[in-house]
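Each chain is listed here by its residues.
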Amino acid sequence: MKKIVFIACIFLCYSTNAQRIVNYDESKIPEFTLPVALEMENGNKISSISEWEEKRRPEILNLFEEKVYGKIPGALNMTSYKVAESDDHAMDDTAIRKQVVLKFSKNNKELDINILIYIPKNNKRAPLFVGYNFYGNHTIVNEKEVFITNSWVGNNEKFGIKNHKASENSRGIRTYRWAVDKIIEAGYGIATIYYGEVDPDKNDFSDGIHPLFYDTNQSKPKSNEWGSISAWAWGLTKAMDYFEKDADIDNSKVIVMGHSRLGKTSLWAGATDQRFAVVISNNSGCGGAALSRRSIGETVKIMNTSFPHWCNENYKYYNDKVDELPVDQHMLISLMAPRPVYIASAQDDKWADPKGEFLSGYYASPVYNLFGKKGIISSEIPKVNQPIHNDIGYHIRTGKHDVTDFDWEQYIQFANKHLY
Ligand code: GCU
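Residue positions within a chain follow its written sequence, with the count starting from 1. In keeping with the model being predicted, local features are shown solely for residues with a pLDDT of at least 70 and side-chain atom pairs are shown and tallied solely at 80 or more, while totals for entire chains, interfaces and linings include all residues. The basis for every side-chain value is the complete set of non-hydrogen atoms in the structure, without hydrogens or water.

**A look at the overall build of the protein chain**
Here a helix means four or more residues in a row that DSSP labels H or I, a strand means two or more in a row labelled E, and each is numbered from the N terminus. What the protein chain contains, in helices and strands, is 10 helices and 10 strands. Computed over its C-alpha atoms, the radius of gyration of the protein chain comes to 21 Å, within 12% of the 22 Å expected for a compact globule of 420 residues. In terms of overall dimensions, the protein chain has C-alpha extents of about 60 × 60 × 50 Å along its principal axes. The classification of residues rests on relative accessible area computed with a 1.4 Å probe and restricted to protein chains. Under 20% of the type maximum is buried, over 50% is exposed, and intermediate values are partly exposed. Buried residues in the protein chain amount to 56% of all 420 residues. Contact definition: two residues touch when any of their heavy atoms are within 4.5 Å. Sequence separation of 24 or more characterises 69% of the internal contacts of the protein chain that already satisfy a separation of 6 or more. A gap of 2 Å separates the mean positions of the 50 positive and 53 negative side-chain charges of the protein chain. In this setup the radius of gyration rests on C-alpha atoms only. A globule is expected at 2.2 Å times the number of residues raised to 0.38. In this tally, Lys and Arg are treated as positive and Asp and Glu as negative; His is ignored, and so are the chain termini. In this description, the location of a charge corresponds to atom NZ of lysine, CZ of arginine, CG of aspartate or CD of glutamate.

Encoded structure:
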């Protein structure tokens with residue numbers, strides 16, 4: 001009997017994880033050597049800010065573009081924007097709400113991106129958090145005026161999302177993840193976009209922003225070109241273009257924040273667009289803050305297999321050869337320097353490798369030191385719920401993979417400390 005149960009268990013593990021063998025054991029991490037952030041590919045050492053800015057930073061950025069997230073195939077500015085709806089008495093009269101549509105067109109194709117924005121009434125030129133949401137702008141607040149997206153949405157029985165269409169059923173279902181009241185009270189604005197409007201999150205490049213850039217007969221990006229994470233990051237930079245035109249927003253204080261796959265996205269957006277003053281990654285894991293070479297929890301291979309559209313084709317070459325990668329994720333963090341960056345983990349989120357997320361901050365610190373900034377001093381992960389708010393911020397909180405009020409409280413305090 002015992003034997004049958006054991007065999008059934010093994011079968012289940014394999015079938016549910018589809019060829020995945022997930023390691024959660026620190027002692028089984030293969031030995032590895034990280035590429036050094038302050039050393040060029042040719043071995044030359046970097047010892048000044050100008051060498052970093054002129055040589056190594058562009059080199060690292062290019063490596064991430066070519067081998068991980070993918071290059072954007074060209075420039076595209078918004079054709080126009082319009083404030084489609086606004087209200088000066090939103091959120092119990094504490095905020096101004098605006099719903100702004102950005103319009104893009106190229107190759108006879110069009111794309112609209114809807115941004116939902118709240119500006120605190122007590123702060124007319126407000127610093128602003130911006131981040132994507134997973135199920136539509138109408139899910140983050142309980143306000144009936146917030147538009148429901150027309151784009152493809154992932155089905156979710158619990159949220160009443162069927163046939164990939166959002167509806168009233170899901171209004172307000174994610175309010176617990178967005179501390180909008182707290183953010184407004186602290187004098188910050190908050191802007192959000194449904195990520196599927198920029199690129200629906202499925203392994204298919206026929207919709208979203210990608211086709212606007214295709215040559216005749218092209219149906220997917222080239223092997224070094226953008227996957228979805230890069231497309232989503234592009235969307236954030238376009239939102240930033242709009243923020244620069246909105247007099248209610250202090251565009252020198254825009255904080256880009258994202259959770260999970262959208263945390264990977266906020267990091268890539270912060271790396272590619274230095275107008276973001278602060279960058280926050282919440283439980284971003286593999287392909288985000290976690291070091292790829294640790295291969296614990298989700299690995300590059302697992303991510304590239306389950307979500308082949310997130311990064312570019314070239315990245316798949318490294319599925320079984322992460323050691324050959326000329327970059328690791330601490331170098332992504334280093335691209336934020338000298339701007340404040342915050343990495344947040346959750347204790348029960350082993351899939352995202354909290355320790356690997358922390359160590360990325362630690363190994364990015366020498367680049368911060370070059371600028372006279374303070375990164376992570378000790379290689380030992382702090383105790384739970386004991387945040388570090390240096391120029392590189394970090395916390396591991398109790399609980400699961402999620403965004404909580406505790407996380408937001410840290411982000412607000414961190415922004416207060418570093419932006420003023
Ligand atoms: C999956 C995926 C992660 C990702 C997460 C999310 O768990 O494996 O890489 O971060 O989804 O976005 O929620």
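**A word on empty space enclosed by the protein**
The definitions used throughout rest on a 1 Å grid laid over the protein atoms alone, on which a cavity is an enclosed set of points accommodating a 1.4 Å probe that cannot get out and a pocket is an open set flanked by protein within 12 Å on both sides along at least five of seven lines; lining residues are those having an atom within 4 Å of a point. Grid points are joined across faces, edges and corners, and a volume is the space filled by probe spheres set on the points. A complete count under the given rule lists 3 cavities of 30 Å³ or more for this structure. In this structure, the largest cavity occupies an estimated 130 Å³ of space. Looking at the largest cavity, it is lined by 14 residues, and the ones nearest its centre are Tyr-132, Phe-134, Arg-177, Trp-178 and His-259. Mapped onto the lining of the largest cavity, the elements with two or more residues apiece are strand S4 (126-133) and strand S6 (249-259). Asp, Glu, Lys and Arg are counted as charged, while Ala, Val, Leu, Ile, Met, Phe, Trp, Tyr, Cys and Pro are counted as nonpolar; the rest, among them Gly, fall into the polar class. Its residues assigned to classes, the lining of the largest cavity comprises 8 nonpolar, 4 polar and 2 charged. In this structure, the second largest cavity occupies an estimated 60 Å³ of space. If you trace the second largest cavity, you find 13 residues lining it, with Leu-291, Ser-292, Ser-295, Ile-296 and Glu-298 closest to the centre. Looking at the lining of the second largest cavity residue by residue, the classes come out as 7 nonpolar, 3 polar and 3 charged.

**Side note on the packing of aromatic side chains**
A pair of aromatic rings is counted whenever rings of Phe, Tyr or Trp (Trp by its six-membered ring) have centres within 6.5 Å, and the orientation is called stacked for planes under 30 degrees apart, edge-to-face for over 60 and tilted otherwise. One pass over the structure, following the stated rule, counts 22 aromatic pairs. Relative to Phe-243, the ring of Tyr-242 has its centre 6.2 Å away and its plane inclined at 70 degrees; by these criteria the two rings are edge-to-face. Tyr-242 gets classed as buried once you look at its relative accessible area, which sits at 2%. Ring centres of Tyr-362 and Tyr-363 lie 5.0 Å apart, and the angle between their planes is 70 degrees; this geometry places the pair in the edge-to-face category. A residue is classified by how much of its surface remains accessible, and Tyr-363, at 35% relative accessible area, is partly exposed. Put simply, the rings of Phe-129, Trp-178, Tyr-188, Tyr-342, Trp-408, Tyr-411 and Phe-414 touch in pairs and so form one group of aromatic residues. The ring of Tyr-420 is capped by Lys-253, whose NZ or CZ atom sits 5.2 Å from the centre of that ring. Two limits define a charge over a ring: the Lys NZ or Arg CZ must be within 6 Å of the ring centre, and within 35 degrees of the ring normal.

**Side note on the layout of surface pockets**
Here the largest pocket defines a volume of roughly 460 Å³. Residue lining of the largest pocket: 26 residues in total, with Phe-134, Ser-260, Arg-261, Phe-307 and His-401 positioned closest to the centre. For the lining of the largest pocket, the per-class residue count stands at 11 nonpolar, 8 polar and 7 charged.

**Concerning the site of the ligand**
One heavy atom suffices: a residue is near a molecule or strand as soon as one of its heavy atoms comes within 4 Å of it. Taken together, Ser-260, Arg-261, Lys-264, Glu-298, Phe-307, Trp-310, Trp-351 and His-401 make up the full set of residues adjacent to the ligand. Contact distances for the ligand include 2.8 Å between an oxygen atom and a side-chain N or O atom of Lys-264. Within the side chain of Glu-298, a nitrogen or oxygen atom sits 2.5 Å from an oxygen atom of the ligand. Mapping the ligand onto the cavity grids shows that it belongs to the largest pocket. Looking at the shell around the ligand residue by residue, the classes come out as 3 nonpolar, 2 polar and 3 charged. Polar contact is defined as a pair of N or O atoms within 3.5 Å, subject to the rule that within protein one atom must be able to donate a hydrogen and the other to accept it, and that residues adjacent in sequence are counted only when both atoms are side-chain atoms. A pocket or cavity is taken to hold a molecule when more than half of that molecule's atoms are within 2 Å of the pocket's grid points.

**Comments concerning the pattern of salt bridges**
In what follows, salt bridge is the name for a side-chain nitrogen of Lys or Arg lying within 4 Å of a carboxyl oxygen of Asp or Glu. Considering all chains together, one arrives at 37 salt bridges under this definition. Residue Lys-182 is joined to Glu-409 by a salt bridge in which the shortest nitrogen-to-oxygen separation is 3.3 Å. Here Glu-409 lies in helix H10 (residues 405-419) and Lys-182 lies in helix H4 (residues 180-185), a separation of 227 residues in the sequence. The exposure class assigned to Lys-182 is partly exposed, which follows from its relative accessible area of 30%. Ionic contacts of the salt-bridge type, sharing partners, join the residues Glu-85, Asp-87, Arg-97, Glu-143, Lys-144 and Glu-145 into one network.

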